[in-house]
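Letter by letter, the chains look like this.
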Amino acid sequence: MAKMEVKTSLLDNMIGVGDMVLLEPLDEDSFINNLKKRFDHSEVYTYIGSVVISINPYRSLPIYTPEKVEEYRNRNFYELSPHIFALSDEAYRSLRDQDKDQCILITGESGAGKTEASKLVMSYVAAVCGKGAEVNQVKEQLLQSNPVLEAFGNAKTVRNDNSSRFGKYMDIEFDFKGDPLGGVISNYLLEKSRVVKQPRGERNFHIFYQILSGASEDFLCKLKLERDFSRYNYLGLDSAKVNGVDDAANFRTVRNAMQIVGFMDHETQSVFEVVAAVLKLGNIEFKPESRVNGLDESKIKDKNELKEICELTGIDQSVLERAFSFRTVEAKQEKVSTTLNVAQAYYARDALAKNLYSRLFSWLVTRINESIKAQTKVRKKVMGVLDIYGFEIFEDNSFEQFIINYCNEKLQQIFIELTLKEEQEEYIREGIEWTHIEYFNNAIICDLIENNQTGILAMLDEECLRPGTVTDDTFLEKLNQVCATHQHFESRMSKCSRFLNDTSLPHSCFRIQHYAGKVMYQVEGFVDKNNDLLYRDLSQAMWKASHSLIKALFPEGNPAKINLKRPPTAGSQFKASVATLMKNLQTKNPNYIRCIKPNDKKAAHIFNDALVCHQVRYLGLLENVRVRRAGYAFRQAYEPCLERYKMLCKQTWPHWRGPARAGVEVLFNELEIPEEEFSFGRSKIFIRNPRTLFKLEDLRKQRLEDLATLIEKIYRGWKCRTRFLLMKKSQIVIASWYRRYAQQKKYQKIKSSAIIVQSYIRGWKARKLLRELKHQKRCNEAATIIAAYWHGTQVRREYRKFFRANAGRKIYEFTLQRLMQKYFLEMKNKMPSLSPIDKNWPARPYLFLDSTHKELKRIFHLWRCKKYRDQFTDQQKLIYEEKLEASELFKDKKALYPASVGQPFQGAYLEISKNPKYKKLKDAVDEKIIIAEVVNKINRANGKATSRIFLLTKNNVLLADQKSGNIKSEVPLGDVTKVSMSSQNDGFFAVHLKEGSGAAGKGDFLLSSDHLIEMATKLYRTTLSQTKQKLNIEISDEFLVQFRQDKVCVKFIQGSQKNGNIPTCKRKNNRLLEVAVP
Ligand SMILES: Nc1ncnc2c1ncn2[C@@H]1O[C@H](COP(=O)(O)OP(=O)(O)OP(=O)(O)O)[C@@H](O)[C@H]1O
Ligand SMILES: [Mg+2]
């Protein structure tokens, strides 16, 4: 549910209070408790007015996602929960829309999360500002400058695994639209002593470890390095690996970032060569060598390392070797060379390494600036982000800590100045009376350090420049004299010291009460570090290097540009740059992020009350709240205030038409808030006590609940009513449709009933009318008939005297005659053809001519048949006679017959007279041959067929051998008694002979012929003409044949079509011969 709510104010769903200004009661305990409560609920940000307090969560929280960026984009500062994004958005919009240059000051002690905060600010601004290929490249370059600088300028310390060991101020430049154009980075004093020595538990700068872990073998070989931390004296061994840090992966990130920022390959290469050279310098060792004059002179123990360095950097080995052994001092135009003892040689070596590295770092910053420099000359708006090393207290604090803490002191100063100033300005702007507030002003500490005459830095410079022996002790002495009376300076040696008996304060130390706590500084090394001396021989040796980057890092080594003036000391340089920075910051609109470290263990979820309390104290946060609450705890512009609380008063709810201020006045009057509790500014309402605000909030909450109930009520009412109205409307629609339907049905029923009734009535009426009309008609007809008969009688009676007796008959005959005449004339024209097969005959015209017409048809047909027959020759006549005979004999009796009708009867199929083979046969038969044909004679024994010549003459039937022509049998026609055949479609026939005749000795013949019909017809006719007796022709499917003594039955059966259409004959047994006809 909570997630669904839309936030419109910081006050919604607060854990503790989101703005410390609203804290009640305001004291240290409640302050810390509020921070703790919020921290425990993962709320790491809390406001003091417009200042953001950030507690390092030491774990990744899901509050930096792109969605969060969108949520905070273009929202008012107090609209959402406190967040670094809200501050970034406010700053960016103020820069873009109101044209105010901004600076974001991030302070806090080491490990409190300053660097992370600065990166969050940058990434937020990058996400919300303009887009486009060019702009994106600028953004990317700005963001990628971070990993490069972190690799070279950050190191693991006991307080922070990624501690910034340099100060960084970055100006991001924007055009009038708010698109980034570029940036400028300023760096402040790198802690270079770390290069040669690291306190216990700490590491050198990240880059050394990154190279050794991440570079390829090849690359390492080129740099003449080995992948072994223990090989290098400059790398403290006890914490070479840091938990959760992947040096190898970071190396790749750095190289990639360098490429994006715009480093050329050869530049990257040079940079790493310098890093390698620094690392190897640490391995150069010296040994003492006695000289004649009794002095010790140092000599390099193993020249191998030196040789490799020289190869890497392109320096003449002898030059470098000499620079480590001699020192040339120029005095009064005279050069004096002195030898270096071992300690001096080591000092020179370390100084060279420190200088090389710190100059390389400065060069990197310059090089990055070159890349990210804005490319236009148009006026730019600027957002500065300051991430400087945090206030730190170590066991041994030296010059570096002094400088770092001084810087933090200055930042605190500017914070006090600016917040107070802003607060005061706001009161003036709003026309509200300003009351003075007590708070600790650290200007006094700044003065202790930077005062031009009596400041510690001035003192140090004086010592460094003073002729005579100068040591750290003389410097401390001086301090003891000058600063002894200063409230914030403590030393055991000072005159009338309060600390004479303070054993916690060693003699070689002095202590400063910083705003953030007391810090004891070891005086040792102050003078040297401030002098920051590099023997000229070394810088000249470096300048002589053929390595262009190294040469460029040591311009003072150029003998042509020898400058006898001392270079400014490190302290004064730093002081000057801090002063410039402060001036710069003062011109900009400040935004503060105050980082707090919740514990010393770098661990999540641990909130060390004492530690936080200490930081809250020295950061002056309570004072900050007090200043902010001076008089009035809370202020808000009239519009949002009215918008938030307008529901508390009838006049302002739901809309207030007048100016917002008047609305707020009405509202406050109505709520009866005591007058001393608020004050009306020009654009803001000021509320004195948080109590009042919380009362307003409570009232609002209550009212919101009531309003919610009201809205719910109205909504429910509205919903029910709309539902009711809808139902009502629907009911009417349904009812009207139903009524329409019911009426329609009723109407249709009435209509159809009416039609039925109507039709019955009409029918009844029509039938009645019809009856009447019929009756009338019959009356009329009857009257007509009666009248006709009556008239007929009258007329006949009248005319009888004029007619003869048979006139009627004559008229009848005449009429008949005329009709017949007409009939015949028409017949003549319609006569059919003379073809006997033409069946056409005209239709009968009159019924009474029916029989005449049929008779006429018959006569006509007979006549035309006769006509047809008359055309025949004798021969044709004979043929037709024979055909007629065959028809009478076989039509409808023998199945073979129809096939024979179309075949002409030829008789002599074999031309015996012409074939010489049959000459003998010809000679033997002297009669006229009627049939000569080859037939098959069926063998009575087995049913097989033998070819025989069948001859029919006028008197005889002959069978002759087909080959030889020899006559086998000769039967006079008178001996043939009968011919038998089947009714089927076969050519078998039996010639039965008269019993006892000469030919009958062998028995009857069973033959088969293709011309059975012709042969049987001719045999019949010849027998009839010769013997005047009709030959008996028996047609039956079973008949008996006499073979010698036996009678054999020939039986015709339905056979298969195995042999085609040829009937087959088989002897079945003695008495049965079976012919299968297909
Ligand atoms: N907002 C954050 N969310 C998660 N972890 C954080 C956050 N801020 C800081 N840290 C963690 O704390 C560590 C220290 O933070 P950071 O390096 O920013 O400290 P610093 O204030 O810059 O310290 P120094 O002064 O030493 O540079 C980071 O490496 C990171 O692990
Ligand atoms: Mg940092």
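Quick caveat, the model's predicted, so the values are computed rather than measured.

Q: Would you mind showing me how to read unusual backbone geometry here?
A: Apart from glycine, the bulk of residues carry a negative phi angle, and the bulk of peptide bonds sit in the trans form. With omega at -5°, the peptide bond leading from glutamate 24 into proline 25 counts as cis. Here proline 25 lies in the segment before helix H1 (28-40). The omega torsion across tryptophan 653 and proline 654 is 0°, close enough to zero to call that bond cis. Its location among the elements puts proline 654 in the loop between helix H24 (638-645) and helix H25 (660-670).

Q: What should I look at first to understand the environment of valine 382 in this one?
A: In this fold, valine 382 is placed in strand S12 (residues 381-387). The sequence separation of valine 382 and glutamine 102 amounts to 280 residues, and the corresponding C-alpha distance is 6.3 Å. Sequence-distant contacts of valine 382, defined by excluding residues within four places in its chain, comprise Leu95, Asp101, Gln102, Asp171, Ile172, Glu173 and Lys588.

Q: When you look at a positive patch on the surface in this model, what are you seeing that I'm missing?
A: Taken together, the side chains of Arg762, Lys765, Arg767, Lys768 and Arg771 present a region of like positive charge at the surface. Relative to the elements of secondary structure, lysine 765 occurs in helix H26 (residues 690-799).

Q: Sorry, what's going on with the coordination of the magnesium ion (ligand 2) here?
A: Ideal geometry at a metal centre gives angles of 109.5 degrees when four donors are arranged tetrahedrally and 90 or 180 degrees when six donors are arranged octahedrally. Of the protein atoms, only Thr115 (OG1) and Ser164 (OG) coordinate the magnesium ion (ligand 2), at distances of 1.9 to 2.1 Å. Here serine 164 lies in strand S5 (residues 163-164) and threonine 115 lies in helix H4 (residues 114-128), a separation of 49 residues in the sequence. The class of threonine 115 is buried, set by a relative accessible area of 13%.

Q: What should I look at first to understand the nonpolar core in this one?
A: Generally speaking, nonpolar side chains in soluble globular proteins are found buried as a group. Phe31, Phe152, Leu320, Phe324 and Phe510 are the most contacted members of the largest nonpolar core, which totals 209 residues. At 14 residues, the largest contribution of residues to this core is made by helix H13 (residues 342-372). The residues touching phenylalanine 324, leaving out its near neighbours within four places in the chain, are Leu281, Ile284, Phe286, Ser298, Ile300, Leu306, Leu340, Ala345, Ala348, Arg349, Leu352 and Leu538. If you look at the next biggest cluster of nonpolar residues, it comprises 31 residues, including Leu889, Leu973, Val979 and Val991.

Q: Just checking my understanding: could you explain the environment of serine 508 for this structure?
A: Assignment of secondary structure puts serine 508 in the loop between strand S13 (489-490) and strand S14 (509-514). The exposure class assigned to serine 508 is partly exposed, which follows from its relative accessible area of 32%. Here the alpha-carbon distance between serine 508 and aspartate 472, two residues 36 residues apart in the chain, equals 8.7 Å. If near-sequence neighbours (up to four positions away) are discounted, serine 508 is found in contact with Leu476, Tyr521, Gln522 and Val523.

Q: Teacher, can you tell me more about the packing of aromatic side chains here?
A: On inspection of all chains with the given rule, the structure shows 40 aromatic pairs. Plain terms: the ring middles of phenylalanine 678 and phenylalanine 680 are 5.3 Å apart, the flat faces sit at 70° to each other, and that makes the pair edge-to-face. Its relative accessible area of 9% is what places phenylalanine 678 among the buried residues. The positively charged end of arginine 255 is found above the aromatic ring belonging to phenylalanine 219, 4.8 Å away from the centroid. Lying across the ring of tryptophan 543, lysine 551 places its NZ or CZ 4.0 Å from the centre.

Q: How should the site of ligand 1 be read in this particular structure?
A: Taken together, 18 residues sit near ligand 1, with Asn56, Ser110, Lys114, Thr115 and Ser163 positioned nearest. Here a nitrogen atom of ligand 1 and a side-chain polar atom of tyrosine 64 are 3.1 Å apart. Serine 110 places a side-chain nitrogen or oxygen 2.6 Å from an oxygen atom of ligand 1. With the chains in place, 86% of the 620 Å² that ligand 1 exposes on its own is no longer accessible. Contributing elements (two or more residues each) for the shell around ligand 1: H4 and S5.

Q: Explain the pattern of salt bridges here, please?
A: A pair can form between side chains of opposite charge whenever their charged atoms are brought close. For the structure on display, the rule yields 63 salt bridges. Between glutamate 70 and arginine 73 there is a salt bridge whose closest N-O contact spans 3.1 Å. Aspartate 179 is the partner of lysine 177 in a salt bridge, and the nearest nitrogen-oxygen pair spans 3.7 Å. Judged by its relative accessible area of 13%, aspartate 179 falls in the buried class. Within this structure, Glu226, Arg231, Lys280, Glu305 and Glu308 form a network of salt bridges that share partners.

Q: It is not clear to me how a nonpolar patch on the surface should be interpreted in this structure. Could you clarify?
A: Among the surface-exposed residues, Val795, Tyr799, Phe802 and Phe803 lie close enough to one another that they form a single nonpolar patch of about 470 Å² accessible area. Of note, phenylalanine 803 is situated in the loop between H26 and helix H27 (807-829).

Q: I would appreciate a short explanation of the sheet that holds strand S25 (residues 988-993) in the present structure.
A: The strands making up a sheet associate through hydrogen bonds between their backbones, and the pairing can be parallel or antiparallel. Strand order in the open sheet made by the eight strands is S23-S22-S21-S20-S26-S25-S24-S27, with mixed pairing throughout. Edge strands, defined here as strands with exactly one partner in the open sheet, are strand S23 (967-972) and strand S27 (1032-1035). Each neighbouring strand pair of the sheet contributes to a mean axis angle of 30°, computed without reference to strand direction. Its contacts with the sheet place helix H32 (residues 1012-1027) against strand S20 (929-938), strand S21 (945-953), strand S22 (956-961), strand S24 (976-981), S25 and S27, and it is angled at close to 125° to S20.

Q: Looking at this model, I keep getting lost on the side chain of serine 298. Mind explaining?
A: Take serine 298: it is sitting in strand S9 (residues 296-300). For serine 298, a relative accessible area of 1% gives the class buried. Once residues within four sequence positions are removed from consideration, serine 298 is found in contact with Phe286, Lys287, Pro288, Phe324, Ser325, Leu340, Asn341, Val342 and Ala345.

Q: Help me understand the sheet that holds S14, please; the structure alone is not making it clear to me.
A: Reading across the sheet, the three strands line up as S13-S14-S15 and stay open at both edges, with antiparallel pairing between neighbours. One side of each edge strand has no neighbouring strand; the edge strands of this open sheet are S13 and strand S15 (517-522). Relative to S14, S13 runs antiparallel, the two being bridged by two bridges. Directly across from phenylalanine 489, in S14, lies its bridge partner isoleucine 512.

Parameters at a glance
Residue indices begin from 1 for each chain and proceed along its sequence in written order. Both sets of labels track the order of writing: A upward for chains, 1 upward for ligands. Reporting of local features is limited, given that this is a predicted model, to residues whose pLDDT is at least 70; pairs of side-chain atoms are given and counted only at 80 or more, and all residues count toward the totals for whole chains, interfaces and linings. Note: side-chain values were computed over all heavy atoms of the structure, leaving out hydrogens and water. Helix and strand labels come from DSSP, where a helix needs a run of H or I of at least four residues and a strand needs a run of E of at least two; each type is numbered from the N terminus. For this analysis, residues touch if any pair of their heavy atoms sits within 4.5 Å. Exposure above 30% relative accessible area and the lack of any salt bridge qualify a residue for a patch; like charges then connect within 9 Å, and the nonpolar side chains Val, Leu, Ile, Met, Phe, Trp and Tyr within 5 Å. The accessible surface values rely on the Shrake-Rupley method and a 1.4 Å probe; as for residues, cover is taken only from the protein chains in view. Salt bridges are defined by distance alone: a side-chain nitrogen of Lys or Arg within 4 Å of a carboxyl oxygen of Asp or Glu. Note that His is not counted, nor are the chain ends; the positive residues are Lys and Arg, and the negative ones are Asp and Glu. To locate a charge, take NZ of a lysine, CZ of an arginine, CG of an aspartate or CD of a glutamate. Any N, O or S atom lying within 2.8 Å of the metal counts as a donor, and for Na, K and Ca the limit rises to 3.2 Å; water is left out, so some sites can look incomplete. Only protein chains enter the area calculation, which uses a 1.4 Å probe; residues under 20% of their type maximum are buried, those over 50% are exposed, and those in between are partly exposed. Here, nonpolar core means buried Ala, Val, Leu, Ile, Met, Phe, Trp, Tyr and Cys residues that are tied together by side-chain atoms lying within 4.5 Å of each other. Aromatic contacts are taken between Phe, Tyr and Trp rings whose centres are within 6.5 Å, Trp giving its six-membered ring; a plane angle under 30 degrees counts as stacked, one over 60 as edge-to-face, and the others as tilted. Put simply, a charge is over a ring when the Lys NZ or the Arg CZ is close to the ring centre, within 6 Å, and near the line of the ring normal, within 35 degrees. Only a single heavy atom is needed: when it lies within 4 Å of a molecule or strand, its residue is near that molecule or strand. In protein, a polar contact requires one atom able to donate a hydrogen and another able to accept it; more generally it is a pair of N or O atoms within 3.5 Å, and residues adjacent in sequence count only if both atoms are side-chain atoms. Should DSSP find at least two bridges between two strands, the strands are regarded as paired. Under this scheme, a helix contributes an axis fitted over its contacting stretch, all axes are lines through C-alpha atoms, and angles between N-to-C directions fall in the 0 to 180 degree range.

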